[in-house]
Structures are given as structure tokens and as C-alpha cells.
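Structural overview
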Amino acid sequence: MKNILTYLVYLGLSNMSVAQRMEFYRLTQEDGLPSNSVHCIFKDQQGFMWMGTVNGLSRYDGYEFKHYNQQNGYALPDDLINDIFQDSKGLIWIGTNTHGVSILDPKTDSIITFKHNPTNPSSIPGDRVRKIVEDSNGKIWIGFDNGIGLSSLDLETRKAVNYDPFISLERKGTKAIRAIIPDQWRPDTLWLGTTSGLIAFDSKKEEFHVIDHPLEKINRYGLFAAFQPNKSTILGGFYYAGIDEYQIDNGRWNESYSDLSENIRTFDIARKSSTEFWLAVRKKGLAIYDTQSKQIRFIHSDMDNHKSPFPGFTYTVLADEEKLWVGGVNGVSFYDGDAHKFPFVPLNFAQKEYGRITAVTGKYDKIYLAGVHGEGLWEIDKKTKDQRIITKGMPEVVYSMLELEDKVIVIDAGRSLKYLDKVTGQIRTLIMSNMPESGLVMQSIHEWTSEYALILTAYSGVYKLNLETNEVSPLFKINSQNIPRYHNMMIASDQKIWFSTDEDILIYDPKNNSITHFRPESIETKKNQHIYVVREDKNMVKWIGSSNGLIRMEDGKEELINTSNSNLPSNNVIDIVFDVNQSMWLGTNEGISKMETESGEIINYNKADGIDYAGCFIRVDDYLLVGSYGGYSMFHPDSIQFLFDIPKVYFTDFKVRNQDYQLKESLDYVEHINLSYTENFFSFGFTSPALSRKQKIQFAYKLDGLDEDWIYAEKSRQANYTNLNGGNYLFRVKARNRDGEWGETRAISIFISTPFWETWWFYSLCGLLVIASGLIFYKIRIRILKHRSEMETQALRFEAMQKRLLELNATPPDINLNIEDLNDKLKTPLSEREFEVLKLSLDAKTNTEIGEELFITTSTVKFHLRNTYGKLGVNNRKEALDYVIKVP
């Protein structure tokens, strides 16, 4: 971004008091911290922030915290964390208060712990770890509390080499290492900040050198912090005396420490600039030490002011480029920096809480600003850079402003007109003639022609003001009794005037004095249909700002752009401004947005960027001016180049059916996942460190094999997929910064097995079963048809036999049949009753008729017939008749 003075020089305000307050943000347990008492803060190689508290270790990505404790399945033995460090191999070292040092391997997401073992001289010498560092030779050094000393731990051999820096000291009191500084200019030297003062350690010779300090005489020489800003200086943070500087080359202290009565207990040091350093001071909060003036000044803090750092007990401070992180007993305070903020000019308002700029004009040689609860009318000369505030006669509230060559007309809170006489500099009341008896609730005033201005009202329509006679008259006649509130107007390229209202758009044609009402179809079904603004670009495309989003209208076709299908931050589009490059800027209730009309790309800016949009957004020459609460911002559109880092995506979790899925390695190191067909409901969680509130990272993801296009997400960092078919898939995710630059795409391939009923062999088996079933059915069918044919043949034979008997003048009763002859042929003789039933059946009597004649039931008849057929060896009456005829 161009220097903040770019626009200040343009306005001649380079000597003004520009707001440079440090506005902090806060993180507490309400935001996800495991505890408000934060002992250490560290930024890892991936850009994540790690925070050690009295209730566990947490990683912060700018969105949420991930907790590393036993409750979440991690083998961290102690909840009180004193230090965090990442070595050159990427391992996270964790110094605990009572259980030694733990090491987190990000690749396996597992933790191992080294503790003191009294029977093993190669174990670490104690369990209260205060500091962990790595020197330029790749050695890990650990400092301990309670006089135990210094240790170098080798992970390959899992052995420690231990040293006692205090062995030659006769000083009384606690002996503890609180700081270790590997000297980057002297690879074999470590500087130890201890409760017994500053100690230099030659790791090659294994020799300690205790550096005396004048405070030793009064037993106030203890160091709780140390920092090496350059080759020749060590900054020592004293427990009682603030800061002192040790000059390595001459072996002397500057003796610039604070008076002991001030009780400045320095717990941590971080660089602010080449000459200034941040201090974390116990009980007193955050401070700055100036190496030139040797002075310490404290940053104002207030528990109730959430834009200030936490007051009181402060343990740690970390300066990360332009950002600052401070940890203490109340939580974490962090400062987001000013490098990515819009320049802001503060103005004085009678009521600071509600004061804002609502009206601006800069048509000629000056810029005029006014607002709500302001001191008056601010006037800035573009050429001479002179400025003044006109207060006498100026209303406290101004809603709209129109600049003419000789005057500036304003609408005040009483909905009357006043004007600034540019020649005399006096504020006067503009007396209008022909005013309606009921008066006008004037909303805004706009330039139309050299003779007329237009006044938009609430519920009274549009009036034209004769700029010579001050006479007002309706621009057009409105027949309806329900007149809406008019918001804004635009004179199109065809000279028609488009008025935006609470209900629709009214188009006035001055050529034939006609009006047309138009309601965009794209929002016709919406509950609220407020139209705030209409503008036309260089291609004569109409852009409509509404309560339901932005509408693009060309050749009668509409396209609705809103929060559901774009990066637009809000559906309330109140202002539309085209800059010198014809890029379109939008004012919404979530700030301002820049939109490229060709590509549709949108970049959003809000309070985090220094933009507190208050409903006023105009172009002044080649600059854009945003009226804000408490002042305004003015910038050239070409100067907005924030140059954010290109984001890198990391995976946070993989779940199957909403349960964490166990993998052999951490998800960031996994390339392929195999799932069964029952595990076809899964989700990926992902993130990219966004530690700046101004970063606004946007994600896009896609599952190749299912999704046709990328799915864009800004607030959501999770992709869910359900009921997927078996097969191969590739999940891809990427992120882009506010500059529109996409980072590297991360990908994980997924294989879902196919259920057996969808496999080729199952389909083949089913096919064989169908064929076999068909064959069986065919054979059964043939058998049935054959049996039916035989039965039909027998029936034909019986009919032929009966016909033959009739021809011989014989009937079944004339058959010479007696029981004795029949029984002689049977193995089992018939009973008399069975013979009677048989004889009657052969006489063509039904079972019912046989029963009535023999005085027996039908079921008994059937019973006798079954027995008879069985003894005859036949199945029915036809076969029985055939059998009897054959009997001699």
C-alpha cells in the first residue's frame, strides 16, 4: 500500500494528528483458550500460534483453538506449560512445569516425554523446564528451574548431557535458568539469563563465565529475560530493575536499569524496531524500552477497554513482523499492525460515539465535509492545502450536500435548506418559495441542470428547485396516495432519471414528462424490496443496489449478485461508486467492497482495515472518500495493494460418519485413504493460518469424481460428502488471499470399496442364477403341459367310449358288472359300499347325487372314491370306467 502520506500530502494534512492508536484484540476462554493464564506464545513454521497455559497447550489458526491434552487423546503429562519451541526438523518441544519435556511430532500427531530418572545419569536433570532453544549447530538446549541446571538432549540416542552453571557460585537464593540465547555470531556461545545473573557458556570448551552486575551488591541481579539485538549487545530483563544493556566487547553493563522503587519486573523481551523493544512486565503490563533514551514507557491498558492490552500480570510477549502477541493472567492480547490499514483522518465531534461524516462534496477547488454531531463544516483547499472549520450558523446534523459554483447547499436536521456563501464564508438560510403547506421531509439534494436542482423527499415525491428564484415545484405529478421514500437518483446516458425508492425504481423521462415504474424481477418475490442506488457504467450497464444484493441489468436481462453466490459481504448495497479506472466500489453495512465488473471478483474491506463506513462514499477527483464514524478515509484506488502472503492450506480433521477417523499419520502427511463401502459418509476439515483480522482467506474445494465445479467458501472450513458410490475420488482444496492470489492446491485421493452386490462377479452370479431359474421353470412348464396333454387324451378316449356304447344301445348301468368278478382281479377287494359308490359314479352321477341316494355325506362319497381308485390303481372316473370295461 502506498505511504499513508500519499493522500495527506494531497490534502495538505501531513502535519495533522493522524490516528495511530494501537488497537488490540483479545482472546480468552470465551474464545476457546483452555485458560486465561498464558505463560508462553510461539509461532511455528506453518504460521500457527501455540499458546501454553496453566490448563494445557493449544494451537490457534486465527479461527479456533485446537487443544493438545489428555482429554483430546494426547499423551501430554502436565497441563502447566512453561515454554514451546519448534526445532529445525519441525518437532514441537513443550516444557512442562512438573513432568519434564514433551515432544510433539506433527507427522504422527503423537507425543513422547522425557523425565528425570534419579537412577539414570543420562536422563534430563529435572522436571521443571523453563526454556528450550536450538543452537546453530542443531543442538537442543534445555534450561531448568530450582538450581538443577542446563541440559543438551539428543533424540537419536535419547540421552542427555547435563551441566551445572551454578556450581562455582556461592550466591544464596534460587538458582534457575529463565532465558537461553544462542549467539548467532558466536556459534559455540550460549547466553543464560538466570536468577543468579547473566552467564556466558562456551559449549565447545564446556566452560561457564558468570558476568557480575552492580545490583549484585543489593541482591537484585536476577534475570528473568534476555535478548540479543546485535553482535555486541545483550539486553537483560531484571526481576526488579527493568532493562540493562551488556556490552559484549568491553564486558560492561551500561547501568541503565530502572530505579528499584519502580519495581519493574521484566519477564520477556521482543524486538519492536532497531532501537525499541517490547517488554512483558509483571503486574504492570506491556511496555516499550528505547535503547537511545534508555526510557521505559508503558502502553495504556484498561480491563474494560477491549481495544487495549490486558492490564496487570504479563508473562510473555512475541513480535511477529507487524503483529504483536502478549500473554498474561487475563488472556492473550494481540495487535494486528497498521501496514494493511486504510489511512484515517480523525475529526472532532460533539458526540464521539455517534459522530460521523454523512455528506461530502469536492466538485471545485475545495473539499467540504459535514455530518452528524460534528463541529461544523470542514473546508479544505485543494491547491493551497489550507483548512478551516465553519461553525457559526452551521447545523449540527447534515443529511445531504450540493455544491454549486458560488455556494454549498445543505439539508439540516429540520429538513430545511441552508447554504454556505463561498464569497463571505457565512452560513445562511435558503428561503424557498411556493413550498407546500404541509412542508417537505427532504432526504437529499442533487444537481440536475444549470437551472435546477432536484430534492428527493420522504412520502412527497421529487421537487425541483430553481437555483435563481429558489422556487420549488413538483417534478412530476403522482396520483398514488402511497408515496415511497426516495433514496437516490441517477441521470442515465439517455438523460432519463432513475430514482431509487423503498418500493421500486421510478424512471422519469424529461422529454415527454412521463414516469415509468420498474421493479426488478430478480427480487420481486423478496420480502423487502428497498432500492438504495442505481448507477450506470461506461458500457451503459445498469447496476442496482438493493436490500437483497446487487443487480446487474443489461438489455433487459438481470443478474442478482448476493451473499449466496458471491463474495459480497452483505446484501444491503447502499452506495455504488466508479473510480478513475472504472472499477466499481460498493458501500454496504459491512464496509466497502471493490468489484471488477468483467470478472465479478470482489474484495472486501471493513473495520479491521480501518474502514468504518457510515453511509457516505463518493469520488473526489481521482480519489475515493469514505465518510466514517469519527472522521474519514481518502485514498487513491491504485494505492490499495495490501500484498498479503499467499495462503497455504492444512488439513485439520477427517471424519467418517461424523466420527474422527484414525490414520497412521497426521492428515497433512497422508496422500491416500482407503474406505469400505459402509464408510461412504465423510468430511474433511481444513484451515490456513489467518492471524490477521484483515486477511479474509477464501477457500475452494472439489471432489473429483463427484463435483463438476469448485465450491467456494469463506466462513466454512469443512467439506461434507454423503452416500458416495464405490470408486476412486480425489479431494482437492485451495485458498486465496485478499489480493486474489491462489495458493498451492492440496489433494488426498480416496478409494471407496464397492459392495459385493455391485461387483462384476455378483452380477455374473446373478445372471447365472437367472439362467438356471429359467431352465428349471422351462422344464416344469414342459412337464405340466405334457401332463395336461395326457389328461386331454384320456378325456377324448372316454368320450369316444361313451359314444361307442350309445351306438351299441348300451349304457353304463347295462354293463355286466358284479362285485365277485371285480374283486377276483384286485389284490385288495372292494367293500360293498365302495362297489355301490363306484357303480353309481360310473352311471355319471355326481358326488352329491350319490350321497343322497345312499344316505351318506359328500365327504364320505369322496372318501370311498379315493379308496376305490387306489384299489383299482386309477386316478379318476374316466380311468375307472376304462378299467371296468376291460374286466371280462
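Residues numbered from 1 in each chain as written. Predicted model: local features only at pLDDT ≥ 70, side-chain atom pairs only at ≥ 80, totals over all residues. Heavy atoms only, no water.

So, on to unusual backbone geometry. If you check the backbone angles, Arg-158 has positive phi at about 60° while not being a glycine. Tracing the backbone shows Arg-158 in the loop between strand E12 (150-154) and strand E13 (159-163). Even without being a glycine, Gln-495 presents a positive backbone phi close to 75°. Looking at the element boundaries, Gln-495 is found in the loop between strand E42 (486-491) and strand E43 (497-501). Here Gln-495 falls in the partly exposed class, since its relative accessible area comes to 47%. (Helix = DSSP H or I, 4+ residues; strand = E, 2+ residues; numbered from the N terminus. Buried < 20%, exposed > 50% of the residue type's maximum accessible area, 1.4 Å probe, protein only.)

The subject of this paragraph is the nonpolar core. Membership of the largest hydrophobic core comes to 29 residues, with the highest contact counts inside it found for Trp-50, Trp-93, Val-101 and Ile-142. Among the elements of the structure, strand E2 (38-43), strand E6 (81-86), strand E7 (92-96), strand E8 (101-105), strand E9 (110-114), strand E10 (129-134) and strand E11 (140-144) are those that each provide at least two residues to this core. Each residue touching Ile-142, except ones within four places of it in the same chain, is listed here: Trp-93, Val-101, Val-129, Lys-131, Ile-132, Gly-149, Leu-150, Ser-151, Leu-153 and Ile-180. Among the nonpolar cores identified, the runner-up in size contains 26 residues, and Phe-651, Phe-682, Phe-686 and Ala-690 belong to it. (Core = buried A, V, L, I, M, F, W, Y, C linked by side-chain atoms within 4.5 Å. Contact = heavy atoms within 4.5 Å.)

Time to look at the pattern of salt bridges. For the structure on display, the rule yields 29 salt bridges. Notably, a salt bridge pairs Asp-668 with Arg-746, separated by 3.6 Å at the nearest N-O pair. Note that Asp-668 is positioned in the loop between strand E58 (659-660) and strand E59 (672-675) and Arg-746 in strand E65 (residues 746-752), a separation of 78 residues in sequence. Exposure remark for Asp-668: the relative accessible area of 21% places this residue in the partly exposed category. Across the salt bridge formed by Glu-853 and Lys-845, the nearest N and O atoms sit 3.9 Å from each other. Salt bridges here are not isolated pairs; linked through shared partners, they connect Asp-183, Arg-186 and Asp-249. (Salt bridge = Lys/Arg side-chain N within 4 Å of Asp/Glu carboxyl O.)

To continue, consider the packing of aromatic side chains. This model, assessed by the stated rule, comprises 48 aromatic pairs. Consider the rings of Tyr-246 and Trp-253, whose centres lie 5.3 Å apart with planes at 55°: the pair is tilted. Under the relative-accessibility criterion, Trp-253 is labelled buried at 11%. Ring centres of Phe-313 and Tyr-315 lie 4.7 Å apart, and the angle between their planes is 35°; this geometry places the pair in the tilted category. On the accessibility criterion, Phe-313 (17% relative accessible area) is buried. For Tyr-315, a relative accessible area of 19% gives the class buried. Members of the aromatic cluster, joined through ring pairs, are Phe-651, Phe-654, Tyr-661, Phe-682, Phe-684, Phe-686, Phe-699, Tyr-701, Tyr-721 and Phe-731. Note that Lys-407 overlies the ring of Tyr-419, its terminal NZ or CZ placed 5.7 Å from the centroid. Between the NZ or CZ atom of Lys-734 and the centre of the ring of Trp-742, over which it lies, the distance is 4.6 Å. (Phe/Tyr/Trp six-rings, centres within 6.5 Å; stacked < 30°, edge-to-face > 60°. Lys NZ or Arg CZ within 6 Å of the ring centre and 35° of its normal.)

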